[in-house]
Amino acid sequence: MTDKNNDKTSQHRFNRREILGGAIGIAGAAAGAGLIGNAQAQPPGGPGGGPIPDAFQTPSLFRLESDVRNCQVTGNIPDDLNGAFYRVGPDAQYPLRQGNIPFDGEGHVSMFRIKNGRADYKSRYVKNDRWKAQDEAGRILFPMYRNPSMDDPSVAGLSRSTANTHIINHKNYLLALKEDSPPAAMDLLTLETVEPNFTFGDKLPSQTFTAHPKVDSRTGNMVAFGYEATGFGSDDVSLFEFSPQGDLIWNAMVKVPYVGMLHDFAVTENYIVIYVIPMVIDHQQIQEGGIHWAWNDSGRTHFGVVRRDGDGSDMRWFTGPTRSATHVMGAFEDGGRVYVDVEMSESNPFPFMPMQEGKQWDPVRGTSYMTRLSADMNNRSISGYDIERLYEYRGALPRQDDRYNTASYRYGFLGTRDKDASNPRQANAGYIRMDHATRTTVFWDAGQGTSLAECCFAPKHDNAREGEGYLLGLATRQNEDGRGDLVILDAEHLEDGPVAVVHLPIQAVGQVHGWWVPESQLPVA
Ligand code: V55
Ligand code: FE
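Quick notes on the rules
Residues numbered from 1 in each chain as written. Chains lettered and ligands numbered in written order. Predicted model: local features only at pLDDT ≥ 70, side-chain atom pairs only at ≥ 80, totals over all residues. Heavy atoms only, no water. Helix = DSSP H or I, 4+ residues; strand = E, 2+ residues; numbered from the N terminus. Buried < 20%, exposed > 50% of the residue type's maximum accessible area, 1.4 Å probe, protein only. Contact = heavy atoms within 4.5 Å. Areas by Shrake-Rupley, 256 points an atom, 1.4 Å probe, with all protein chains shown as cover. Donors = N, O, S within 2.8 Å, 3.2 Å for Na, K, Ca; no water. Tetrahedral: all angles 85-135°; square planar, octahedral: opposite > 155°, others 65-115°. 1 Å grid on protein atoms, 1.4 Å probe; cavity = no way out; pocket = protein on both sides within 12 Å on 5 of 7 lines; lining within 4 Å. Points joined across faces, edges and corners; volume = space filled by probe spheres on them. Arc of directions from axis to C-beta. Pairing = 2+ DSSP bridges. Axes fitted to C-alpha atoms, helices over the stretch in contact; angles between N-to-C directions. Salt bridge = Lys/Arg side-chain N within 4 Å of Asp/Glu carboxyl O. Near = heavy atom within 4 Å. Polar contact = N/O pair within 3.5 Å; in protein donor to acceptor, adjacent residues only side chain to side chain. Nonpolar A, V, L, I, M, F, W, Y, C, P; charged D, E, K, R; others polar. Phe/Tyr/Trp six-rings, centres within 6.5 Å; stacked < 30°, edge-to-face > 60°. Lys NZ or Arg CZ within 6 Å of the ring centre and 35° of its normal.

Visitor: Is there a simple way to explain the overall build of the chain in this structure?
Guide: Within the chain, the secondary structure is distributed over five helices and 33 strands. Expressed as a percentage of the 525 residues in the chain, the buried residues total 65%. Partitioning the intrachain contacts of the chain with sequence separation of at least 6 by distance along the chain shows that 61% fall at a separation of at least 24. Here the chain displays about 19200 Å² of accessible surface, and carbon together with sulfur accounts for 46% of that area.

Visitor: What exactly am I supposed to notice about the environment of Leu 472 here?
Guide: By secondary structure assignment, the location of Leu 472 is in strand E30 (residues 469–477). Separated by 387 residues in the primary sequence, Leu 472 and Phe 85 have C-alpha atoms spaced 8.0 Å apart.

Visitor: Which parts of the structure should I look at to understand the coordination of the iron ion (ligand 2)?
Guide: Expected angles at a metal are 109.5 degrees for tetrahedral coordination by four donors and either 90 or 180 degrees for octahedral coordination by six donors. In the first shell of the iron ion (ligand 2), the protein supplies His 212 (NE2), His 263 (NE2), His 327 (NE2) and His 513 (NE2), at 2.0 to 2.1 Å from the metal. Coordination at the iron ion (ligand 2) comes from four donor atoms whose angles at the metal span 95 to 162 degrees, giving a geometry best classed as irregular. For the iron ion (ligand 2), the single-chain donor residues occur in sequence as H-x50-H-x63-H-x185-H. With His 212 in the loop between strand E9 (193–195) and strand E10 (214–215) and His 263 in the loop between strand E13 (248–255) and strand E14 (266–267), the pair connects residues that are 51 residues apart, well separated along the chain. Each member of the pair, His 212 as well as His 263, is classed as buried.

Visitor: Would you take a moment to explain the layout of surface pockets for this structure?
Guide: Using a probe with the size of a water molecule, rolled over the atoms, empty space left in the structure can be pinpointed. In this structure, the largest pocket encloses a volume near 680 Å³. Breaking the lining of the largest pocket down by element, the ones donating at least two residues are strand E6 (166–170), strand E29 (456–459) and strand E33 (513–518). If you add up the space inside the second largest pocket, you get close to 440 Å³.

Visitor: For this particular structure, what's the right way to read helix H4 (residues 129–137)?
Guide: An α-helical turn contains 3.6 residues, so a residue and the one three or four places further along point in the same direction. Among the residues of H4, Arg 130, Trp 131, Ala 133 and Gln 134 are the ones counted as buried. Angular distribution of buried residues about the axis of H4 spans 165 degrees; they occupy a single face of the element. On its buried side, H4 packs onto strand E5 (118–125). Following H4 by one or two positions, Gly 138 has its phi on the positive side, about 75 degrees.

Visitor: When you look at the sheet that holds strand E27 (residues 440–445) in this model, what are you seeing that I'm missing?
Guide: Sheet strands pair by backbone hydrogen bonding; their relative direction is either parallel or antiparallel. Read across the sheet, four strands follow the order E24-E25-E26-E27 without closing on themselves; strand pairing throughout is antiparallel. The outermost strands of the open sheet, each flanked by one partner alone, are strand E24 (399–400) and E27. Here two bridges tie E24 to strand E25 (residues 411–417), and the two strands are oriented antiparallel to one another. Within the sheet, the bridge partner assigned to Gln 400 lies in E25 and is Gly 412.

Visitor: Would you mind going over the pairing of strand E31 (residues 483–490) with me for this structure?
Guide: On a regular strand, one side chain projects to one face of the sheet and the next to the other, so that they alternate. The buried fraction of E31 is high, at eight of eight residues. Of the two faces of E31, the one holding Arg 483, Asp 485, Val 487 and Leu 489 and the one holding Gly 484, Leu 486, Ile 488 and Asp 490 are both buried throughout. Turn length for the E30-E31 hairpin, with the two strands adjacent in sequence and antiparallel, is five residues, and the turn residue Asp 481 shows positive phi of about 55 degrees. In this structure, E31 lies alongside strand E32 (residues 500–503), joined through four bridges in antiparallel fashion. The partner of Ile 488 across the bridge, within E32, is Ala 500.

Visitor: Help me out: how do you make sense of the sheet that holds strand E20 (residues 328–334) in this one?
Guide: The four strands are arranged E20-E21-E22-E23 in an open sheet whose pairing can be described as antiparallel. The sheet is open, and its two edges are formed by E20 and strand E23 (386–394), each paired on a single side. Going across the sheet, the axis of each strand differs from the next one's by a mean of 20 degrees, ignoring polarity. In this structure, E20 lies alongside strand E21 (residues 337–344), joined through six bridges in antiparallel fashion. Bridge pairing links Gly 330 to Asp 341 in E21.

Visitor: How do you make sense of the pattern of salt bridges when you look at a structure like this?
Guide: Between side chains of opposite charge, a pair can form when the charged atoms approach closely. Applying the stated criterion across every chain, the model contains 39 salt bridges. For the salt bridge of Asp 264 with Lys 214, the shortest nitrogen-to-oxygen distance reads 2.8 Å. Taken together, the residues Asp 264 in the loop between E13 and E14 and Lys 214 in strand E10 connect sequence positions 50 residues apart. Both residues of the pair, Asp 264 and Lys 214, count as buried. The partner of Asp 401 in a salt bridge is Arg 403, with the nearest N and O atoms 2.7 Å apart. When salt bridges with common partners are traced through the structure, they connect Asp 216, Arg 218, Glu 241, Glu 269 and Arg 308 into a single cluster.

Visitor: Teacher, can you tell me more about unusual backbone geometry here?
Guide: Peptide bonds are mostly trans, and most non-glycine residues show a negative phi. The backbone of Asn 70 sits at a positive phi, close to 50 degrees, despite the residue not being glycine. Looking at the element boundaries, Asn 70 is found in the loop between strand E1 (67–68) and strand E2 (72–75). A positive phi is found at Asn 116, a non-glycine position, where the angle reads about 50 degrees. Here Asn 116 is to be found in the loop between strand E4 (107–115) and E5.

Visitor: Where do I start with the site of ligand 1 in this structure?
Guide: Taken together, Phe 103, Tyr 145, Asn 164, Thr 165, Lys 178, Glu 179, Met 261, His 263, His 327, Phe 350 and Val 512 form the complete shell of residues around ligand 1. A distance of 2.7 Å separates an oxygen atom of ligand 1 from a polar side-chain atom of Tyr 145. Residue Lys 178 places a side-chain N or O atom 2.6 Å away from an oxygen atom belonging to ligand 1. Relative to its free-state accessible area of 300 Å², ligand 1 is covered by the protein chains to the extent of 98%. In terms of residue class, the shell around ligand 1 is built from five nonpolar, four polar and two charged.

Visitor: Explain the packing of aromatic side chains to me, please; I cannot follow it from the model alone.
Guide: Aromatic rings in a pair are described by how distant their centres are and how their planes are angled relative to each other. According to the stated counting rule, one finds 23 aromatic pairs in the structure shown. For the ring pair Phe 103 and Phe 350, a centre distance of 5.2 Å and an interplane angle of 75 degrees mean the geometry is edge-to-face. Taken as a pair, Phe 103 in the loop between strand E3 (83–90) and E4 and Phe 350 in the loop between E21 and strand E22 (369–376) lie far apart in primary sequence, 247 residues in all. This pair shows no difference in class: Phe 103 is buried, exactly as Phe 350 is. A centroid spacing of 5.7 Å and a plane angle of 10 degrees characterise the contact between Phe 413 and Phe 457, whose relative ring orientation is stacked. Taken as a pair, Phe 413 in strand E25 and Phe 457 in strand E29 lie far apart in primary sequence, 44 residues in all. Taken as a pair, Phe 413 and Phe 457 share a single burial class, namely buried. Here a set of aromatic residues connected by ring pairs shows up, and it is made of Tyr 173, Phe 198, Phe 200, Phe 209, Phe 240 and Phe 242. The residue whose ring lies beneath Arg 307 is Tyr 271, and the NZ or CZ to ring-centre distance is 5.7 Å. Of note, Arg 389 hangs over the ring of Tyr 369, and the distance from its end group to the ring centre comes to 3.8 Å.

This is the structure in C-alpha cells:
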C-alpha cells in the first residue's frame, strides 16, 4: 500500500501509517487517516472523540519488548504515588489478514513501576498458548477475529485468547483479559506469563471471562461475567463473584434476548446490569471466513437487571432504541432506580466493524457521549429504560475512582477533545473530570500534536476521599515519531496541568485499557 503523505520530517510516521493501512485493511482506510496523521483528517467521530481510542495511534506491529530504568522526569513524581500503572493493547505478532480488525492483535502489556519518586518502564507480550504456538510456527495460526473455523488444525483445543483488552490484579497475579476466553495470569513485577490459561483453579463457571470485572466497594470481591459462556455463539451469560482469596462466592446463569457484544457490565449494591447492543454475532459472515460481529442498524437494545444474590430467574429486560454503549463509567442505585453511566452513540462506534444490510458507517451517529441509562425496579409496569445525555464532550473510554465501582459516585474522568475548538477537526486532546453532583467539567488541554490513551485514577492513599489522587495517562507525541510520555495530573486540579511527565526514549506499546495497582497490593520484590 502506498501513502500519499510525503512529509519528509515524518518518515517514521509514514511507515507506521503504511503498516496500519496495509495490515488492518478497512480500518486503515476508514480510521487510519484520522488515527495516524494529526487531527486534521479526523471525522467528528474520530480518535478521542469517537469510539476509537487514540490508543490505536500507536502501531499495531510494534513488537519491541523493553526495559527502561529510571526514566527521565520533568517535574516531580509525588511522594504519595507509589505502585504500578499497567497498560495493555493489541500488538499483532504477524501482520493481520485482509478483513481482520485491530482488536485481534496479540496482547502486549506494559508497566510504569513508580516508587519513591522514580519510574521504571517494562513491556512484555502475554506469552500464552496462542502466542507461543504462533511464535514457534513463525506464522499466524489464528487468522481471524473470533472465528475458530479459520484456525490452523494444529491449534485445535488451545485457548484463542489474545489477552489484549484489559488487565487487573487478582491475588498475586496480573490477569490479562480477552472477553472470549479465560484470563492469562502474569507476574505483577516481572510481567512473565505464569499461568497462560487461568481458570481460578477450575472454579471459573464459564468458558469466557469479561475484560471488565468490577471490584466490590465494600468486600473487595471481584464481580465478573462471561458471555457465550457455554460455547461459541451460545446465548448463555454466566454471572459470578470471587473473593480476593479466589473462592467462588456466588454464580448464576442467565440468557440474553440475542447474542451481541457484551463488552462491559454494571454492578451496584444489589444488582447486576447487562446491556445488549446490536453488535450481533453474524453466522453467515463467520462461515464466509469473516469476523465475529456485524452491526445491525435497526436492532433494539436491551437493558437487563438481575439481583446479585439470586439464581438469575428474576432478570428483568427493559428495551430501547438502536444504540451502542461499550463502557461503563460508574453505576449506582437510588430508591429502587438503577443508574448506569456509559459512553453512548446512536450507531456503530467502530469504523472497522462491518455494517449489515449494506449500510455505510456513519461517523456522526457513531460518536459517543456520556449518557445515563436508568430503570425503576419498583415499577412493575414499565418495559423501557430512560436515556439522558450528561455532557457534550465526546469520548469513549470513561473511568472513575475504581474504589467506587459498585457504589454511588460523584466524579468521572474521560479522554476527549476540546469541545470548544473553533475547528472541531483540529481540536486538541485532553482529559476532563466530570462532577456529577454539579454537572460541571474541568478540561485539561494536552496541546497540539499530542494524543492521549485512556486515563486511570490512582488514589493518594488507601483512605483518600473520592477523587483525591492522580490521573495517569499515556501521551503520544506525534511530532516526535510517536514517542511516549506518561502524564501525571492532580485529579482535583486538572487545570494546573501535569505535576510530572515521565519520558520514554521510545514509543510506548499501544493501549486499550490501563489499571493502577497501589503499593499495598503489590508483592514485595
Ligand atoms: C473492545 C475491544 C476489544 C474487543 C471487543 O470496546 C471490544 C472495546 C481489544 O479488543 O475484542
Ligand atoms: Fe473495554
